[in-house]
Amino acid sequence: MRRYLDFIGNVGLFALRAARRALVPPFEFQMILRQIEAAGWKSLPLVLSSGFALGLVLAFHTRTTLVQFGAESEMPAVQSLAFFNEIGPLLAGLLMAGRVGAGIGAELANMRATEQIDAIEVLSIDSFKMLVIPRIIACSIALPVLTVIMDVVGLAGGYLAERATSDLSVQLYISRAFHDVSWAAFVPPTLKTAIFGAVIGLISSYLGYTTDEGAEGVGRAATNSVVLSSLAIILIDVVLVKAIFFLFPETAI
Amino acid sequence: MNGAIPPAIAFREVSRSFGGRAVLNNVSFQVAPGEAFCLLGRSGMGKSVTLKLTIGLIQPDAGAICVESDNVVGMDEDGLSKVRSRIGFLFQNAALFDSFSLHDNLAVPLKRLRKQTPDAEIETIVQKNLEDVGLGKEGRKMPAELSGGMRKRAGLARALMLDPSILLVDEPVSGLDRVTASEIDDLLLRVRKRDNTTMLIVTHDTREARRVGDRVGVLDNGNLIAVGGIDELAENPSALVRTLVSEAQ
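How each quantity is defined
- Residues numbered from 1 in each chain as written.
- Chains lettered and ligands numbered in written order.
- Predicted model: local features only at pLDDT ≥ 70, side-chain atom pairs only at ≥ 80, totals over all residues.
- Heavy atoms only, no water.
- Pairing = 2+ DSSP bridges.
- Helix = DSSP H or I, 4+ residues; strand = E, 2+ residues; numbered from the N terminus.
- Contact = heavy atoms within 4.5 Å.
- Axes fitted to C-alpha atoms, helices over the stretch in contact; angles between N-to-C directions.
- Parallel < 35°, antiparallel > 145°, perpendicular 65-115°, else oblique.
- Left-handed = near helix turned anticlockwise from the far one by under 90°.
- Nonpolar A, V, L, I, M, F, W, Y, C, P; charged D, E, K, R; others polar.
- Buried area = accessible area lost by both parts, 1.4 Å probe.
- Salt bridge = Lys/Arg side-chain N within 4 Å of Asp/Glu carboxyl O.
- Polar contact = N/O pair within 3.5 Å; in protein donor to acceptor, adjacent residues only side chain to side chain.
- pLDDT = per-residue confidence, 0-100.
- Phe/Tyr/Trp six-rings, centres within 6.5 Å; stacked < 30°, edge-to-face > 60°.
- Buried < 20%, exposed > 50% of the residue type's maximum accessible area, 1.4 Å probe, protein only.
- Lys NZ or Arg CZ within 6 Å of the ring centre and 35° of its normal.

**Some thoughts on the sheet that holds strand E2 (residues 21-31) of chain B**
All names here are of chain B.
For step 1, the next point in the chain: Read across the open sheet, the 4 strands follow the order E2-E1-E4-E5; overall the sheet is antiparallel. Unpaired on one side and paired on the other, E2 and strand E5 (70-71) mark the two borders of the sheet.
For step 2, the next point in the chain: Across the face of the sheet, helix H1 (residues 47-54) comes into contact with strand E1 (9-18), E2 and strand E4 (62-67) while running at roughly 120° to E1.

In structure tokens form, the structure reads like this:
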């Protein structure tokens, strides 16, 4: 138990240090862009394929149930609300925790083990600012964008599944999908992924940057980054969903 | 003031422990400007820690460490930055940045620390330093594409980018064959002759210590048990020192 509390405390201090240092120049814009490319652009194939496949699967399942109640015309609305509210943000977050979190943990741990971080410090460069802060910022910028893309391809997958069993036109599918969706049902759940992204960047960077176990620590940092980032975003999601319900009560109905 | 030139590096009764194990115990030594001082010893005897203490990457538990009169113990980041700008560091595995090309690895110190340097001048300096270590045509390669010896040479080229007056060198020939090791030693000798660079070299290769070093210190179990020229140390009462030195002959 004490180990977990230590971990939470240390990540909290690491986050405070990141928040404080992020406000002090120099701002590592080039490194941030590099990391956005690594975290966002390179995650795109994974997000496109997963979102599309999940859109198909969700449509197959929900259609069967909706048909039983004679409500198959609601299928596009169910699909869009499911993706916008929860599936898009959470799945994009978990995919990023798996792909990007592991990458950050392993990369920074490897840099520590091979003295690359020492080499940066020797050059009088703040390694924390150069390596950690850009990764946290990049993850929190890239994840909302990936979430929107996942929502779109999820709806596309849903349409393809629907099209296989009915003659529903694209225009009607889109019209029904967005008919019941308010901005409050789309914007807050999408923006919450910026927090997911920051948490993934923070935990993975903490595990990689602070490791002192040499080569052995690289694998451990990668594994722990995935496990702890995934767990953290699921737990934080519970809190954020309640907060969104509180701030936008209409989304809870 | 007597006008005497201060040592380039001075350790005064420096101690450092890790997890209750004393890695350095009251260690004192000095390196004169332009001198090459080799620290010899078995693995895990605190040699690399000595280098990291010198540049302020680690702080000692006790003692003073002076680099050209500046005590780096307890020094703030701004002070350390100024000291570090006068020191080059060749890491054991070169510590090249994996995600940067060789060219960019060398350009980093200038781009970060001498921001006023025009890009064209940076290009010229990078190319010259690469050519100096025989890697003039390899600038576009990534570190993963280089052999062990090439990585060491590239690490040396990066360490020299800011024209340091002091060079810290960590196990420059470990893991290299004898021929490549000899080439690295030749490079170190050339740099020293050309720039009169002070060198603190950590090694367990006694042949290298004999070839490159003016003086040698032997570290064992956290203590500096002998300091002197290689031939002097051959007469040392310690069997370990004599064994180490005899390997160099």
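So, next bit.
**Some words on the packing of helix H3 (residues 102-113) of chain B against helix H4 (residues 119-132) of chain B**
Residue and element names in this part refer to chain B.
For step 1, the next point in the chain: It is at 10 Å that the axes of H3 and H4 come closest, and there the two elements cross at 125°. Accordingly, the angle class assigned to the pair H3 and H4 is oblique. Our pair here, H3 against H4, has a crossing hand that is right-handed. Between H3 and H4, the residues in contact are Leu102, His103, Leu106, Ala107, Leu110 and Lys111 and Ile122, Glu123, Ile125, Val126, Asn129 and Leu130, respectively.
For step 2, the next point in the chain: Class assignment for the residues of the contact of H3 with H4 results in 8 nonpolar, 2 polar and 2 charged.

**Describing the interface of chain A and chain B**
For step 1, the next point in the chain: Taken together, the contact pairs 16 residues of chain A with 21 residues of chain B.
For step 2, the next point in the chain: Taken together, both faces of the contact between chain A and chain B bury some 1700 Å²; the carbon and sulfur share is 58%.
For step 3, the next point in the chain: Considering only the side of chain A, the residues that lose the most area to chain B are A:Glu115, A:Val122 and A:Leu123, jointly responsible for 34% of the buried surface there.
For step 4, the next point in the chain: Viewed at the interface, chain B and chain A are joined by 3 salt bridges.
For step 5, the next point in the chain: Across the pair A:Glu115 and B:Lys52 runs a salt bridge, and its minimum N-O distance is 2.9 Å.
For step 6, the next point in the chain: Where chain A touches chain B, the interface holds 8 residue pairs in polar contact (both at pLDDT 80 or more).
For step 7, the next point in the chain: Of all the elements in the fold, those that place two or more residues in the side of chain A that touches chain B are helix H2 (29-39) and helix H5 (116-122) of chain A.

**Quick notes on the confidence of the model for chain A**
The predicted structure's coordinates, where accompanied by low pLDDT, should not be read in detail.
For step 1, the next point in the chain: Of the residues in chain A, 99% have a pLDDT of 70 or more, and the chain-wide mean is 91.
For step 2, the next point in the chain: Helix H6 (residues 127-165) of chain A holds the highest mean pLDDT among the elements of chain A, 94, whereas helix H7 (residues 170-179) of chain A holds the lowest, 88.

**Describing the packing of aromatic side chains**
For step 1, the next point in the chain: All chains considered together, the criterion is met by 14 aromatic pairs over all chains.
For step 2, the next point in the chain: Their ring planes at 70° and their centres at 5.0 Å tell us that A:Phe84 and A:Phe186 sit as a pair that is edge-to-face. With a gap of 102 residues between them, A:Phe84 in helix H4 (residues 75-113) and A:Phe186 in helix H8 (residues 183-209) connect regions that are remote in the sequence.
For step 3, the next point in the chain: The buried category is assigned to A:Phe84, whose relative accessible area is 3%.
For step 4, the next point in the chain: With 4.1 Å between their ring centres and 15° between their planes, B:Phe89 and B:Phe91 make a pair best called stacked. Grouping residues by exposure puts B:Phe89 and B:Phe91 together as buried.
For step 5, the next point in the chain: Aromatic ring contacts, followed pair by pair, group A:Phe7, A:Phe14, A:Phe128, A:Tyr206 and A:Tyr209 into a single cluster.
For step 6, the next point in the chain: The positively charged end of A:Arg112 is found above the aromatic ring belonging to A:Tyr209, 4.8 Å away from the centroid.
For step 7, the next point in the chain: We note B:Arg158 situated over the ring of B:Phe97; from NZ or CZ to the ring centre the distance is 4.5 Å.

**With respect to the environment of B:Val108**
For step 1, the next point in the chain: Here B:Val108 is to be found in helix H3.
For step 2, the next point in the chain: Of the residues examined, B:Val108 reaches a relative accessible area of 8% and is grouped as buried.
For step 3, the next point in the chain: Measuring from C-alpha to C-alpha, the distance between B:Val108 and B:Val126 comes to 9.9 Å, with 18 residues separating the pair along the chain.
For step 4, the next point in the chain: With residues up to four places along the chain from it excluded, the contact list for B:Val108 reads A:Leu123, A:Ile125, B:Phe97, B:Phe100 and B:Leu113.

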